[in-house]
Amino acid sequence: MIDKREFETLFRRHYDGMFRLARRMLNDDADSKDVVSEVFAQLLRSGADLKSETLQAYLLTSVRNRCVNLLVHKQREMQRKEEFYFSGQQAQKAVVVEMVNPEQTAEQEQLQMIHHYIDNSLPQLSQQILRLRYQHGLKYREIADVLQVSEVTVHNHLSQSLKLLKDHFKSLGYGIK
């Protein structure tokens, strides 16, 4: 069990690095503080006896995992909201005739198709890499740090995923470049 003084020392020593990692992944100060606090709270609750040589890696891995879980949760929440919005929108179309820009509607449909293909056809790691790169704007190095893989792995997954996307939609008759 960690005593109060050890915990305070641990907190002061590792908080900044943990916060920076969370901030880089989440791009949100409040969520980043929450994630780091949750990791410290879990450590305190568990009373785990951690070795000093592996402590930093344990803390950063815990932060990374909580960030990934939060990003996945937010993504699912966004999808549920979009589904609710689009299902409500379909009902409205039956009642109200609106002027809609056909190019914008086609673009939205293509984006939905891309998201559906990514969610149902690509491996989990590829999905995470695509989201971190294109939804969160992280660089290859940042993605590699977050997912604890090499930059080459990030590059290979992105290249392969984009090729698969392009080939799939080309086969459907869409001219994706």
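Residues numbered from 1 in each chain as written. Predicted model: local features only at pLDDT ≥ 70, side-chain atom pairs only at ≥ 80, totals over all residues. Heavy atoms only, no water.

**A closer look at the overall build of the chain**
For clarity, the threshold we go by: Secondary structure elements follow DSSP: runs of H or I of four or more residues count as helices, runs of E of two or more count as strands, with numbering from the N terminus. Only heavy atoms matter for contacts: two residues are in contact if any of them lie within 4.5 Å across the pair. Residue exposure ignores everything except the shown protein chains as possible cover, and the areas themselves are Shrake-Rupley values with a 1.4 Å probe.
If you tally the helices and strands in the chain, you get seven helices and zero strands. For the chain, the succession of helices and strands along the chain, N to C, is α-α-α-α-α-α-α. The long-range fraction of contacts in the chain, counting pairs at least 24 apart against all pairs at least 6 apart in sequence, stands at 63%. When the accessible surface of the chain is totalled, it reaches about 12,200 Å², and 52% of it is carbon and sulfur.

**Here we look at the layout of surface pockets**
The condition is simple: Put plainly, a pocket is an open set of points on a 1 Å grid over the protein atoms alone with protein on both sides within 12 Å along at least five of seven lines, a cavity is a set where a 1.4 Å probe fits but cannot get out, and a lining residue has an atom within 4 Å of a point. Grid points are joined across faces, edges and corners, and a volume is the space filled by probe spheres set on the points. Three classes are used, and their members are as follows: Ala, Val, Leu, Ile, Met, Phe, Trp, Tyr, Cys and Pro are nonpolar, Asp, Glu, Lys and Arg are charged, and the others, Gly among them, are polar.
Here the largest pocket is characterised by a volume of approximately 780 Å³. Lining the largest pocket are 30 residues, with Q75, Q79, H115, R131 and Q135 sitting closest to its centre. Contributing elements (two or more residues each) for the lining of the largest pocket: α3 (52-95), α4 (102-121) and α5 (124-135). Here the lining of the largest pocket takes 11 residues from α3, the largest share from any one element. Along the lines of polarity and charge, the residues of the lining of the largest pocket split into nine nonpolar, 13 polar and eight charged.

**So, the packing of α5 against helix α7 (residues 151-171)**
Quick reminder of the rule: Helix axes are fitted only over the stretch in contact, all axes being lines through C-alpha atoms; the angle between N-to-C directions runs from 0 to 180 degrees. What sets the label is the angle itself: under 35 degrees gives roughly parallel, over 145 gives roughly antiparallel, 65 to 115 gives roughly perpendicular, and the rest give oblique.
At their nearest, the axes of α5 and α7 sit 9 Å apart, and the two run at 95 degrees to each other. With respect to α7, the element α5 is oriented roughly perpendicular. When α5 is examined against α7, the residues L125, S126, I129, L130, R133 and Y134 are found in contact with a partner set consisting of T153, V154, H157, L158, S161 and L162. The class makeup of the residues in the contact of α5 with α7 is seven nonpolar, four polar and one charged.

**Quick notes on helix α2 (residues 29-46)**
Which entries qualify depends on this criterion: Given the number of residues in a helix, its expected span is that number minus one, multiplied by 1.5 Å. Polar contacts, as used here, are pairs of N or O atoms within 3.5 Å; protein pairs need one atom able to donate a hydrogen and one able to accept it. Residues neighboring in sequence count only if both atoms are side-chain atoms.
The end-to-end C-alpha separation of α2 is 26 Å, in line with the 26 Å expected for 18 residues at 1.5 Å each. For α2, the capping residue at the N-terminal end is D28, with a side-chain oxygen 3.1 Å from the backbone nitrogen of A30. Immediately beyond the C-terminal end of α2, within one or two residues, lies G47, with a positive phi of roughly 65 degrees.

**Some thoughts on the packing of aromatic side chains**
For any pair of aromatic rings, the description rests on two quantities: the centre-to-centre distance and the angle between the ring planes. The condition that has to hold: Only rings of Phe, Tyr and Trp enter the pairing, Trp through its six-membered ring, and a pair is recorded when the two centres are within 6.5 Å. The plane angle decides the type: under 30 degrees is stacked, over 60 is edge-to-face, the rest tilted. Note on exposure labels: buried denotes an accessible area under 20% of the residue type's maximum, exposed denotes more than 50%, and partly exposed covers the range between, all computed with a 1.4 Å probe on protein chains only.
Taken as a whole and assessed by the stated rule, the structure comprises four aromatic pairs. Look at F7 and F40: their rings are 5.8 Å apart centre to centre, the planes differ by 85 degrees, and that puts the pair in the edge-to-face class. With a gap of 33 residues between them, F7 in helix α1 (residues 4-26) and F40 in helix α2 connect regions that are remote in the sequence. Across this residue pair, the class does not change: F7 and F40 are buried. Ring geometry for F11 and Y15: centres 5.0 Å apart, planes at 35 degrees, overall tilted. Here F11 pairs with Y15, and both are found in helix α1, just four residues apart, close to one helical turn.

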